[in-house]
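Structural overview
Residue-level listing of the chains:
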Amino acid sequence: ETGVTQTPRHLVMGMTNKKSLKCEQHLGHNAMYWYKQSAKKPLELMFVYSLEERVENNSVPSRFSPECPNSSHLFLHLHTLQPEDSALYLCASSQEWGLITDTQYFGPGTRLTVL
Amino acid sequence: AQKVTQAQTEISVVEKEDVTLDCVYETRDTTYYLFWYKQPPSGELVFLIRRNSFDEQNEISGRYSWNFQKSTSSFNFTITASQVVDSAVYFCALRGGLKAGANNLFFGTGTRLTVIP
């Protein structure tokens, strides 16, 4: 089983749809992350969860709603999205948020297109 | 403030050539970590290396080598004898030291490397 998996890999949705992205890590890590990757822009950190508790929320619009039911799973619930939300959404995990030697490991991403 | 600059947007080389990807960073922290990740067409960011600010020794791993120069705030990445499989986008990233939010990574905009057979 690969370290960090994401489903679906591709998603096309209309602006009125509701969908969810799923991330699962098999590394025994305690922290999980959502990033947004848009063309020509640096990766943007969206949310951080440590031990299932949200510790970072970087001014992300409320149409993005994260959920972390346990330390192995992370969801990103999407509703009423805009075309500019089209991007690659990457999930990552790390051993322990705040640990100085911590390293993040990434999943393959979900390519989201909003029509 | 933390900032990472990768001035090279795209680079093309012919197979077997050496190529260096530049990374310049800004930070006020005295303790920090620098990273390189590779993003192949499949999308996943693959971790390549982590260096801390107290270790300026250059590192070599197979065809990959990293040159950390604190005096110029640079952490450059060289691929020797490039191969087609090296084609990817490469990201340099910075993480600050011992304070709240220190685990946040600040990424550069990436350098797209194309190795032509």
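Up top is the structure.
So, here's what we can say about the structure. As the structure is a prediction and not an experimental result, all values here were calculated from the model.

How each quantity is defined
Within each chain, residue numbers correspond to sequence positions counted from 1 in written order. For naming, the first written chain is A and the first written ligand is 1, with later ones following in the order written. The predicted nature of this model means local features are confined to residues of pLDDT at least 70 and side-chain atom pairs, given and counted, to a pLDDT of 80 or more, with totals for whole chains, interfaces and linings taken over all residues. With hydrogens and water stripped out, all remaining heavy atoms of the structure feed into the side-chain values. Here, the term nonpolar core denotes a set of buried Ala, Val, Leu, Ile, Met, Phe, Trp, Tyr and Cys residues that are joined through side-chain atoms within 4.5 Å. For each residue, the accessible area found with a 1.4 Å probe, counting protein chains only, is set against the maximum for its type, and the residue is called buried under 20%, exposed over 50%, and partly exposed in between. Strands here are runs of E lasting at least two residues and helices are runs of H or I lasting at least four, both read from the DSSP assignment and numbered beginning at the N terminus. We call two residues in contact when some of their heavy atoms are within 4.5 Å. In this description, buried area is defined as the sum, over both parts, of the accessible area (probe of 1.4 Å) that is lost when the two are combined. For this analysis, a salt bridge means a side-chain nitrogen from Lys or Arg found within 4 Å of a carboxyl oxygen belonging to Asp or Glu. We call two N or O atoms a polar contact when they sit within 3.5 Å, provided that within protein one can donate a hydrogen and the other can accept it, with sequence-adjacent residues counted only if both atoms are side-chain atoms. Charged residues are taken to be Asp, Glu, Lys and Arg, nonpolar residues to be Ala, Val, Leu, Ile, Met, Phe, Trp, Tyr, Cys and Pro, and polar residues to be all remaining types, Gly included.

Before going further, it helps to examine the nonpolar core. A general trend in soluble globular proteins is that nonpolar side chains are found buried together. Residue and element names in this part refer to chain B. Counting 23 residues, the largest nonpolar core has Trp-36, Phe-77, Tyr-90 and Leu-113 as the members making the most contacts within it. Looking at this core, the elements with two or more residues in it are strand E2 (10-14), strand E3 (19-21), strand E5 (33-39), strand E8 (64-69), strand E9 (74-79), strand E10 (88-95) and strand E12 (111-116). A total of four residues in this core trace back to one element, the largest contributor, which is E10. Those residues within four positions of Leu-113 in sequence are excluded, and the remaining contacts are Ile-11, Val-13, Val-19, Ile-79, Asp-86, Ser-87, Ala-88 and Tyr-90.

Contact residues are listed per partner, giving 21 residues for chain B and 27 residues for chain A. Roughly 1,800 Å² of surface becomes buried between chain B and chain A when both sides are summed, with 53% attributable to carbon and sulfur atoms. Summed over the shared surface of chain B and chain A, the result is zero salt bridges. In this structure, the connection of chain B to chain A is made through six residue pairs in polar contact (both at pLDDT 80 or more). Going through the elements one at a time, E5, strand E6 (46-52), E10 and strand E11 (105-107) of chain B are the ones with two or more residues in the side of chain B that touches chain A. No other element matches E5 of chain B, which puts four residues into the side of chain B that touches chain A. Taken together, the residues of the side of chain B that touches chain A sort by class into nine nonpolar, nine polar and three charged.

This is a description of form; function is not addressed.
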